[in-house]
Amino acid sequence: MGEFNVHRVRFFNYVPSGIRCVAYNNQSNRLAVSRTDGTVEIYNLSANYFQEKFFPGHESRATEALCWAKGQRLFSAGLNGEIIEYDLQELTIKYAVDAFGGPIWSMAASPSGSQLLVGCEDGSVKLFQITPDRIQFERNFDRQKSRILSLSWHPAGTHVAAGCIDYISVFDAKSGSAIGKMLVDRQYMGVSKRKCIIWGVAFLSDGTVISVDSAGKVQIWDSATGTLVKNHLVSNADVQSIAVSDQEDSFVVGTAEGTVFHFQLVSVTSSSSEKQWVRTKPFQHHTHDVRAVAHSPTALISGGTDTHLVIRPLMEKVEVKNYDAALRKITFPHRRLVSCAKKKQLLLFQFAHHLELWRLGSTVATGKNGDTLPLSKNADHLLHLKTKGPENIICSSISPCGGWIACSTASRFFLYRLNYEHDNISLQRVSKMPVFLRSALQILFSEDSTKLFVASNQRSLHVIRLLEGGFKHLHTFQPQSGPVQSACLLAVSPDGAWLAASGAAAGVLVYSVRRLKLHCTVPAYNFPVTALGIAPNTNNLVIAHSDQQVFEYSIPDKQYTEWSRAVQKQGFHHLWLQRDTPITHISFHPKRPMHILLHDTYMFCLIDKSLPLPNDKTLLYNPLPPTNESDVIRRRTAHAFKISKKYKPLLFVDLLDEKTLVAVERPLDDIVAQLPPPIKKKKFGT
């Protein structure tokens, strides 16, 4: 693998936002996740649970509800009283409509997907018609005395259940009249509570209504008679969320204690046709409140304050025991939040509302392999750059020379010139940036720091020449005809001649920067691209996909390389394909053209193309060979994949020079230490 001096960086103080809502779309097998800072993420469950799209957060957009409607349309609503529809092609907000009912606490799309219901702070339930372009207000349901905290449609679309404070209302969907009311017992563990909040309701085909509340109860109701059928006391704290399977044979609830309970409809006896709901499985994969749950055909999905998105597969529903049968915890975004200026050994960290610039420490000490060397000079925090306004930063980058910093929000693009004098740093903002650069999805500097490449959400690519005191717009690559999506990933060749761009879809476009035109299109693949990189000298484009496949494409020859064809012919090792986090960064050794460096969250890998590929009988995560072996024996037993799992969780790995690596880690314990304290639970023997 070669010996490297490794800068082990742990001062990136990144804490993901907690999960507030999840919404599963059965038709597209996609999961929408909203976080407490207003960010909305789209996960493609068919593509190895890859986070293929995201919408940046906003300080005034506290999302409380999220749902899918007909035609793969995504809506959200929150405490600012607005209903928002997202444009999944251009990755922007399509429009926002005020519901005029105060803060919105709940939202549900009709089973047909043509109508939208919202529950408001003032007790109103408002029905909107979903038209091809927007949503249009249709009517109000009968107003209730308390805020509407949860909503659920009957699968036939004839009735609606609404969870309020102390009671559940049942409405006729056609007239909007309240036709039933079910009072909830305030008793909690024998003590009468002041209020009982109905956090979630679910309406089933047979007229059964399932409710979860702040008294720790899961209750089964008969909506026709308004009577309580079954009461399950599952928690000493709130039960905050509920989701039912499409077959209505199981449902899942999440509690404020971090426990997820699975309920199933089972026969009372083996010969009886009578069935009842039974609590079958508890899962404790969270440390804090489980604010949202979803039920896919093969898995239970949960998320909450501890920032983890947990996918717990239902083993009886998984037909093939592959990586879909493994428990997954998704904590970090599947995009880069760190960029590096190699020549000055600087790191730029991206947070929601500010950027931090750090200079790496240095040492004069020496040691043998595996030693931790003391620093002769500590890392320096050079710059804290805060953006104005309520919008989250979408993307950022620092030039390789360290002289430029660029970042973008949904409405503004910022470019800064940095000057270094000894230990002092001065910052100058470049004014009058073009409007078309705003809401950039990806920013990249050329290797010589003379050009800036910006991928906009209008599906176009802009090339900017950087001057000493400003910039010059050179060219815009317009989108191709057809359903081309906005580019989310960019890679530029070290000589600055080629630019590769990939969107959320599978295709990769390669442009000639010198001729300013499209050079070729890499053949499409079924899974989305997670990382791109162009090798020096050879100009081979290396592409990583969400199913863990890696391709190498020769840009000058417009075809896959011989090594890539050999890999596809033999296939990757089964343990390589079973990894559950995507490759997020690809880089290359400047003096060793046969080496490819890449990493995901839990491993760093160096691929040596000169060595044979491992087969399924070979040990993939091979330990270091004994030192007394000769080079001949060592080479005979070696294979191309050199994998290190020493550093994790990894947010960034790159080569600073021929013998120096930088690895940015974010230990999970450091994140948990900054979360609010969980509910204290009594432990046996204490």
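Residues numbered from 1 in each chain as written. Predicted model: local features only at pLDDT ≥ 70, side-chain atom pairs only at ≥ 80, totals over all residues. Heavy atoms only, no water.

As named in an unreviewed UniProt entry, the chain is U3 small nucleolar RNA-associated protein 4 homolog, taken from Odocoileus virginianus.

Colleague: Even after reading the chapter, I still don't get the sheet that holds strand 9 (residues 92-98), so can you show me in this structure?
Modeller: Here 4 strands make up an open sheet; going across it, the order is 6-7-8-9 and the pairing antiparallel. Looking at strand neighbours, the two that pair on one side only are strand 6 (63-69) and strand 9, the edges of this open sheet. Going across the sheet, the axis of each strand differs from the next one's by a mean of 25°, ignoring polarity. Relative to strand 9, strand 8 (residues 82-87) is paired through 6 bridges, and the arrangement is antiparallel. (Pairing = 2+ DSSP bridges. Helix = DSSP H or I, 4+ residues; strand = E, 2+ residues; numbered from the N terminus. Axes fitted to C-alpha atoms, helices over the stretch in contact; angles between N-to-C directions.)

Colleague: Before we go on, may I ask you to explain the pairing of strand 45 (residues 498-503) in this structure?
Modeller: Within a regular strand, the side chains alternate between the two sheet faces. Buried residues dominate strand 45, accounting for 6 of its 6 residues. Every second residue of strand 45 is oriented toward a common face, with Trp498, Ala500 and Ser502 on one face and Leu499, Ala501 and Gly503 on the other, all of them buried. (Buried < 20%, exposed > 50% of the residue type's maximum accessible area, 1.4 Å probe, protein only.)

Colleague: How do you make sense of helix 1 (residues 562-570) when you look at a structure like this?
Modeller: Structural remark: α-helix, 3.6 residues per turn; residues separated by three or four positions point the same way. All of the buried residues in helix 1 are Trp563, Ser564 and Val567. Along the axis of helix 1, the buried positions cluster into a sector of 100°, meaning they face one direction only. Of the residues in helix 1, the exposed ones pointing more than 90 degrees away from the buried face are Glu562 and Lys569. Tucked into the core, helix 1 has its buried residues touching strand 50 (550-554), strand 51 (559-560) and strand 54 (604-608). Positive phi shows up at Gly571, right after helix 1, with a value of about 90°. (Arc of directions from axis to C-beta. Contact = heavy atoms within 4.5 Å.)

Colleague: Please explain the nonpolar core as it appears in this structure.
Modeller: Looking at soluble globular proteins, one finds that nonpolar side chains tend to be buried together. Ranked by internal contacts, the top residues of the largest apolar core, which has 24 residues, are Trp576, Ile583, Ile586, Leu598, Cys605, Ile607 and Phe641. Among the elements of the structure, strand 49 (540-545), helix 1, strand 52 (585-588), strand 53 (595-599), strand 54 and strand 55 (641-644) are those that each provide at least two residues to this core. Apart from residues no more than four positions distant in its own chain, Leu598 is found in contact with Trp576, Ile583, His585, Ile586, Met603, Phe604, Cys605 and Ile607. (Core = buried A, V, L, I, M, F, W, Y, C linked by side-chain atoms within 4.5 Å.)

Colleague: Sorry, what's going on with the environment of Lys617 here?
Modeller: On the secondary structure map, Lys617 appears in the loop between strand 54 and helix 3 (631-637). Given a relative accessible area of 83%, Lys617 falls into the exposed group. On a C-alpha basis, the gap between Lys617 and His573 in space is 8.7 Å, while along the polypeptide they are 44 residues apart.

Colleague: Got a minute to help me understand the state of the cysteines in this structure?
Modeller: Summed over all chains, the structure comprises 0 disulfides. With no disulfide of its own, Cys340 has Cys401 as its nearest cysteine by sulfur position, at a separation of 12 Å. For Cys340, a relative accessible area of 12% translates into the label buried. The thiol of Cys605 is unpaired, and the distance to the nearest cysteine sulfur, on Cys340, comes to 20 Å. (Disulfide = S-S within 2.5 Å.)

Colleague: Sorry if this is basic, but what is going on with the sheet that holds strand 51 here?
Modeller: Within a sheet, each strand pairs with its neighbour through backbone hydrogen bonds, oriented either parallel or antiparallel. Taken together, the 4 strands give an open sheet; going across it, the order is 48-49-50-51, and neighbouring strands pair in antiparallel fashion. Both outer strands of the open sheet, strand 48 (529-534) and strand 51, are each paired with one neighbouring strand and no more. Strand direction decides the pairing type here: strand 50 and strand 51, joined by 2 bridges, are antiparallel. Opposite Ser554, over in strand 51, you have Gln559 as the bridge partner. Here helix 1 sits on the sheet in contact with strand 50 and strand 51, set at roughly 150° to strand 50.

Colleague: I keep staring at the side chain of Ser396 and nothing clicks. Help me out?
Modeller: By the element assignment, Ser396 lies in strand 36 (residues 395-398). Contacts of Ser396, omitting those with residues within four sequence positions, involve Ser339, Leu348, Gln350, Leu355, Ala406, Cys407 and Ile443.

Colleague: For this particular structure, what's the right way to read the environment of Pro479?
Modeller: Mapped onto the secondary structure, Pro479 falls in the loop between strand 43 (471-477) and strand 44 (487-492). According to the relative accessible area criterion, Pro479 is partly exposed, its value standing at 32%. Taking C-alpha positions, Pro479 is 39 Å from Pro313, a pair spaced 166 residues apart along the chain. Those residues in contact with Pro479 that sit more than four places away from it in its chain are Gln458, Arg459 and Ser460.

Colleague: Explain the side chain of Arg20 to me, please; I cannot follow it from the model alone.
Modeller: With respect to the helices, strands and loops of the structure, Arg20 is situated in strand 2 (residues 19-25). For Arg20, a relative accessible area of 13% puts it in the buried group. Of the polar contacts made by the side chain of Arg20, one reaches the side chain of Glu64; its length is 2.7 Å. Sequence-distant contacts of Arg20, that is, excluding residues within four places in its chain, are made with Ser34, Arg35, Thr63, Glu64, Arg291 and Ala292. (Polar contact = N/O pair within 3.5 Å; in protein donor to acceptor, adjacent residues only side chain to side chain.)

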